[in-house]
Amino acid sequence: MKFIILFRLLFILSFLDAVTYQEYNPNDERFKILAVQKAKLRMEQSEQDMKNARELLDKKCISQTEYQQYESQYRNDKLNYDQYMLSVIYDKPYISVVSAYKTQQEDGQTYVELTLANTSGGNYAMEEAASNEIGENSQLHPDTMYNLYVSLQDEQKNIISQPYEYHIQSLKLGMEKKIRFSLLKDVESVLVSVNYGDQISEKKILLKRKGTSNSVTITSDLYAQDVQNGETAAFHLTMEYFGDGRKNLVPKILNLPPGFSWSIVNESNNVNVSDLVFSTNQAKQYYILYVTIPEKSGTNIVMDKPLPFTLNLTNKAREIAGAVDLQITPSGKAELIVSLQNLYYQINKGKSLEIYPVIIENKGIKPVTNISYDLNLPSNWEYKVVPAQITKLEPKEKVKIKIVIIPSDNTGKGIYDVKLVIAGKNVDKPVQTPEQQIKLEIQEKGNVWLIIGSILLALAFVGGLVYGMIRISKN
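Only a predicted model underlies this, so the values are computations on that prediction, with no experimental measurement involved.

**Regarding the pattern of salt bridges**
This structure, assessed with the given rule, holds 14 salt bridges. Residue Glu188 pairs with Lys284 through a salt bridge whose shortest N-O separation is 3.2 Å. Here the residue Glu188 occupies a position in the loop between β6 (176-183) and β7 (189-196), and Lys284 occupies one in strand β17 (residues 284-292), the gap between them amounting to 96 residues. Each of Lys102, Asp186, Glu188, Arg209, Glu240 and Lys284 takes part in salt bridges that share partners, so that together they form one network.

Written out as structure tokens, the structure reads:
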């Protein structure tokens, strides 16, 4: 019996040298799935031949060198099969974006729910039918795409998704894959980038909003602001609607003290609004919330203490559809005023100018400290101020100072500009007066003896004229 089996093996192997498994058929490039099947048949045959040769080697009927030829043939046919299989897989692959929904959770984080599908074209109808023939044990299947890396990018191609890249190990033809990304940047559209094999697919997708609670997310450019009495704070608000249909919402402010006023303005047309209308077509809107602190605070406001308040959006059923917490800190107004009796002066060359009084007044409701002076003078000029510094100026308090301006010795005659600014601090905030511009005219010195001689000559002329008139009247 063993002799018969051995004879059969030798008979089969006697024909192997005349058989080649690498014959070329030009139609293999056109009908790649058929080329895969042919390559699979060649590989299976080579595998069986290698097993038969192994039995003969064990029985010392063939040499190790002869066995290695069969083994090498099998490996080549296996590589050829894999190569044809990969050419089919990456022949005409196509990834479709089925849906991309933008959602927001209760924690305020924005997510994108992305659904992808393998909708490859080419000969995939035949390939799917042939998958069963190829076998489930194969590591590669012609109707499956492998190792896809998906990310979401902005218009500048910066990755704005977390995770940065999502790895899909395999995706069969016609199958869908749902992926959930968190957005690192709020955008209306994303670039869906899919990297697979040696190809990159990029599609710009406008995000749809998905929500069942009909809620509005409100974000502000600033959470807190410090505002002086009588002034207005501006909060720029972005409102995004997650829901279906059309909703009318009414804004309400909670926890602002009496005397405070507020209004909401549409940023696009600068129109005050009392109702806010949202729909799926107008899901994202921009507004400005203005909050004005009264000029006189009275007893209901503590200066420099934060006042938290809330902006709510309520529907017809008075349910809160959106809210944002903000904060405003009233700070007492400190205002410095400087006044001079004159803004135009004349001095002789080589002389100094004394300006007194220069009156500084605190017209605010908070003290101003560390008051200093800044004079912008021509080059090489000097100045002195008495007192040199004012430590503190209480509200409604006035102080008089003297300024001495000393021009340089080589200053010629003409009109010069001197700019005066007085600055201090209200807590840690700078306070300064409006700029005062002083005109200073420098004249040449007159000759004293020439002036005296001119006066004597004038007196002599007048005396002679009077004497002449008296003589004429006597005659």
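**Comments concerning the side chain of Ser96**
Counting through the fold element by element, Ser96 comes out in strand β1 (residues 95-104). At 2.5 Å, the side chain of Ser96 forms a polar contact with the side chain of Thr119. Ignoring sequence-local partners within four residues, the contact set of Ser96 consists of Thr115, Leu116, Ala117 and Thr119.

**Things to note about the packing of aromatic side chains**
Applying the stated criterion to the full structure yields three aromatic pairs. With a centroid separation of 5.2 Å and an interplanar angle of 50 degrees, the aromatic rings of Trp381 and Tyr416 are classed as tilted. On the criterion of sequence distance, the pair formed by Trp381 in the loop between β23 (368-376) and β24 (382-386) and Tyr416 in strand β27 (residues 414-426) is long-range, its members being 35 residues apart. When the ring centre of Tyr67 is taken as reference, the NZ or CZ atom of Arg54 above it lies at 5.4 Å.

**A word on the pairing of strand β28 (residues 429-432)**
Of the pairings in the sheet, the one linking β27 to β28 comprises four bridges and is antiparallel in character. Its bridge partner lying in β28, Asn426 is registered against Lys429.

**A look at the confidence of the model for the protein chain**
Residues with a pLDDT of 70 or more make up 82% of the protein chain, whose mean pLDDT is 81. Every residue in residues 1-22 scores below 50 in pLDDT, and together they form 27 contacts with partners more than four places removed in sequence or on other chains. Ignoring residues within four places in sequence, the model shows residues 122-127, a span with pLDDT below 50, making 13 contacts including any to other chains.

Basis of the calculations
Residues numbered from 1 in each chain as written. Predicted model: local features only at pLDDT ≥ 70, side-chain atom pairs only at ≥ 80, totals over all residues. Heavy atoms only, no water. Salt bridge = Lys/Arg side-chain N within 4 Å of Asp/Glu carboxyl O. Helix = DSSP H or I, 4+ residues; strand = E, 2+ residues; numbered from the N terminus. Polar contact = N/O pair within 3.5 Å; in protein donor to acceptor, adjacent residues only side chain to side chain. Contact = heavy atoms within 4.5 Å. Phe/Tyr/Trp six-rings, centres within 6.5 Å; stacked < 30°, edge-to-face > 60°. Lys NZ or Arg CZ within 6 Å of the ring centre and 35° of its normal. Pairing = 2+ DSSP bridges. pLDDT = per-residue confidence, 0-100.

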